[in-house]
Amino acid sequence: MRTLLLGLPLKQAEAILSEEGVYPQVSETHAPRREKKDGGTLRVVFASDDGKQLVAARFFDPISDPQP
């Protein structure tokens, strides 16, 4: 697993990989009680050794993502 990518925003991780000529397949996961549309920042929670597969989940920042 490419641990240096873990926790990064998805766009940042994709940019790092694209500099290496790698364009990963991205899967999104979410908590059972949350839907994909609930907001938050997509962050990498898994990155394969070759960087060709990423799994991202949404994380909330209470300061920049205020809840109604």
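Residues numbered from 1 in each chain as written. Predicted model: local features only at pLDDT ≥ 70, side-chain atom pairs only at ≥ 80, totals over all residues. Heavy atoms only, no water.

## Overview of the overall build of the protein
Rules: Counting from the N terminus, the helices are the DSSP runs of H or I reaching at least four residues and the strands are the DSSP runs of E reaching at least two. Three labels apply to residues, based on accessible area from a 1.4 Å probe with only protein chains included: buried if under 20% of the type maximum, exposed if over 50%, partly exposed otherwise in between. In what follows, residue pairs with any heavy atoms lying within 4.5 Å of each other are defined as contacts. Values of accessible area rely on a 1.4 Å probe in the Shrake-Rupley scheme; residue burial ignores everything except the protein chains shown.
In terms of regular secondary structure, the protein is built from 1 helix and 3 strands. Element order for the protein, N to C, with α for helix and β for strand: α-β-β-β. A total of 68 residues make up the protein; the buried ones form 21% of that total. Restricting to contacts in the protein with at least 6 residues of sequence separation, those with at least 24 account for 56%. Taken as a whole, the protein presents about 4,900 Å² of accessible surface, with 53% of it coming from carbon and sulfur.

## Considerations on the confidence of the model for the protein
What counts, and what does not: Each residue carries a pLDDT value, the predictor's own confidence for that position, ranging from 0 to 100.
Mean pLDDT for the protein: 86, with 82% of residues reaching 70 or above. Considering each helix and strand of the protein separately, the mean pLDDT is smallest for strand β3 (residues 53–59), with a value of 93, and largest for helix α1 (residues 10–19), with 96.

## Looking at α1
This is how the line gets drawn: By definition, the arc is the one covered by directions from the helix axis to the C-beta atoms.
Three or more residues of α1 are buried, namely L10, A13 and L17. What you see down the axis of α1 is that its buried residues fit within an arc of 65°, all on one side. Among the exposed residues of α1, those oriented more than 90 degrees off its buried face are K11 and E19. Of the surrounding secondary structure, the elements contacted by the buried residues of α1 are β1 (25–29), β2 (41–47) and β3. Among the residues trailing α1, G21 stands out with phi positive, at a value near 80°.

## Description of the sheet that holds β1
Test applied: DSSP bridges decide pairing: two strands pair if at least two such bridges lie between them. Lines are fitted to the C-alpha atoms to define the axes, a helix being fitted only along its stretch in contact, and any angle between axes, read from their N-to-C directions, falls within 0 to 180 degrees.
On the basis of which strands lie adjacent, the open sheet formed by 3 strands has the order β1-β3-β2 and mixed pairing. Edge positions in the sheet fall to β1 and β2, since each has one partner strand and no second. The mean angle between the axes of side-by-side strands here comes to 35°, regardless of whether they run parallel or antiparallel. Contacting β1, β2 and β3, α1 runs over the sheet at an angle of about 160° to β3.

## Here's the deal with the side chain of S48
Put simply, the test is: For this analysis, a polar contact is any N or O atom pair within 3.5 Å, provided that within protein one partner can donate a hydrogen and the other can accept it, and provided that sequence-adjacent residues contribute only side-chain to side-chain pairs.
Mapped onto the elements of the fold, S48 is located in the loop between β2 and β3. Note on S48: relative accessible area 10%, which makes it buried. A polar contact is formed between the side chain of S48 and the backbone nitrogen of K52, at a distance of 3.2 Å. Residues within four places of S48 in sequence aside, it is in contact with M1, R2 and Q53.

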